[in-house]
Amino acid sequence: MNIDTIVNQAFHGQSFRELVDAPLTALHGISDKEASALEALGIKTIGDLAGSKLVNYAIAIKALAGCEGLTKKEAAEETLLDDAVEMTFPASDPISVDAGITRIEVAPEKVEASTDHQNASAIEAHNQEALGNNAIRTGYLQRGEGEGNR
């Protein structure tokens with residue numbers, strides 16, 4: 001931080017120890033009238049202002065306000081919003097989703113599904129049996145025929 005941006009021209013180049021004892025008017029933005037009002041509270045120097053209980057209380061309240069949870073009004077609004085969403089999308093609540101399904105199992109007759117798309121081999125065999133030797137090939141290759149399934 002460039003200290004010269006927050007103190008008046010007459011105080012540029014002074015050390016921090018010197019600025020602590022400087023009058024309030026050394027701070028950029030504090031007029032003689034404002035300094036007089038603060039003197040009525042016993043605050044005459046920059047050091048007095050920094051050590052003021054009132055200033056420290058105000059700083060603490062502001063810092064803690066940022067850490068505080070929701071106000072009663074904000075909490076009520078949040079609850080109403082949650083209830084409205086739940087009524088609109090009930091399955092969005094993880095508790096309402098059926099957790100009984102732990103895995104997906106493949107039926108025994110579908111074990112070859114990765115290499116035999118939609119059980120084409122069984123369908124082809126059934127068609128040949130039903131139509132006899134004059135069966136029309138559906139275009140699916142049987143295991144061992146050609147390079148693979150289409």
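Here, every reference points to the structure presented above.
Quick look at the structure, then. (Residues numbered from 1 in each chain as written. Predicted model: local features only at pLDDT ≥ 70, side-chain atom pairs only at ≥ 80, totals over all residues. Heavy atoms only, no water.)

**Some thoughts on the overall build of the protein**
Point 1. Counting secondary structure elements, the protein contains six helices and zero strands.
Point 2. For the protein, the α and β elements follow one another from N to C terminus as α-α-α-α-α-α.
Point 3. Per-residue burial over the protein gives 11% buried out of 150 residues.
Point 4. About 12,400 Å² of surface is accessible on the protein, with carbon and sulfur atoms providing 59% of the total. (Helix = DSSP H or I, 4+ residues; strand = E, 2+ residues; numbered from the N terminus. Buried < 20%, exposed > 50% of the residue type's maximum accessible area, 1.4 Å probe, protein only. Areas by Shrake-Rupley, 256 points an atom, 1.4 Å probe, with all protein chains shown as cover.)

**Re the nonpolar core**
Point 1. Of all hydrophobic cores here, the largest spans seven residues; its members are Val7, Phe11, Leu19, Ala22, Ala26, Leu27 and Ile46.
Point 2. The residues touching Ile46, leaving out its near neighbours within four places in the chain, are Leu19, Val20, Ala22, Pro23, Leu24, Ala26 and Leu27. (Core = buried A, V, L, I, M, F, W, Y, C linked by side-chain atoms within 4.5 Å. Contact = heavy atoms within 4.5 Å.)

**A word on the pattern of salt bridges**
Side chains carrying opposite charge are able to pair once their charged atoms draw close together.
Point 1. Tallied over the entire structure, the rule returns one salt bridge.
Point 2. Across the pair Glu77 and Lys73 runs a salt bridge, and its minimum N-O distance is 3.5 Å. Of the two residues, Glu77 and Lys73 both sit in helix α5 (residues 72–88), four residues apart, roughly one turn of that helix.
Point 3. When its relative accessible area of 43% is taken as the criterion, Glu77 is described as partly exposed.
Point 4. A relative accessible area of 59% means that Lys73 is categorised as exposed. (Salt bridge = Lys/Arg side-chain N within 4 Å of Asp/Glu carboxyl O.)

**Examining helix α4 (residues 53–65)**
Point 1. The terminal C-alpha atoms of α4 lie 18 Å apart, and with 13 residues this matches the ideal 18 Å at 1.5 Å per residue to within 8%.
Point 2. Burial within α4 is sparse, with just zero of its 13 residues counted as buried.
Point 3. Backbone nitrogen of Leu54 and a side-chain oxygen of the N-cap are separated by 3.3 Å at the start of α4; the cap is Ser52. (Expected span 1.5 Å × (residues − 1). Polar contact = N/O pair within 3.5 Å; in protein donor to acceptor, adjacent residues only side chain to side chain.)

**Remarks on a nonpolar patch on the surface**
Point 1. A cluster of nonpolar side chains, namely Leu41, Leu54, Tyr57 and Ile61, defines an oily patch on the protein surface of about 490 Å² accessible area.
Point 2. When you line up the elements, Ile61 lands in helix α4. (Patch = residues over 30% accessible without salt bridge, like charges linked within 9 Å, V, L, I, M, F, W, Y side chains within 5 Å.)

**Details of the side chain of Ser52**
Point 1. Its place among the elements puts Ser52 in the loop between α3 (46–51) and α4.
Point 2. Here Ser52 falls in the buried class, since its relative accessible area comes to 10%.

**A closer look at the side chain of Thr45**
Point 1. Structurally, the position occupied by Thr45 is in the loop between α2 (32–39) and α3.
Point 2. Among all residues touching Thr45, those that are not within four sequence positions of it are Val20, Asp21, Ala22, Pro23 and Leu24.

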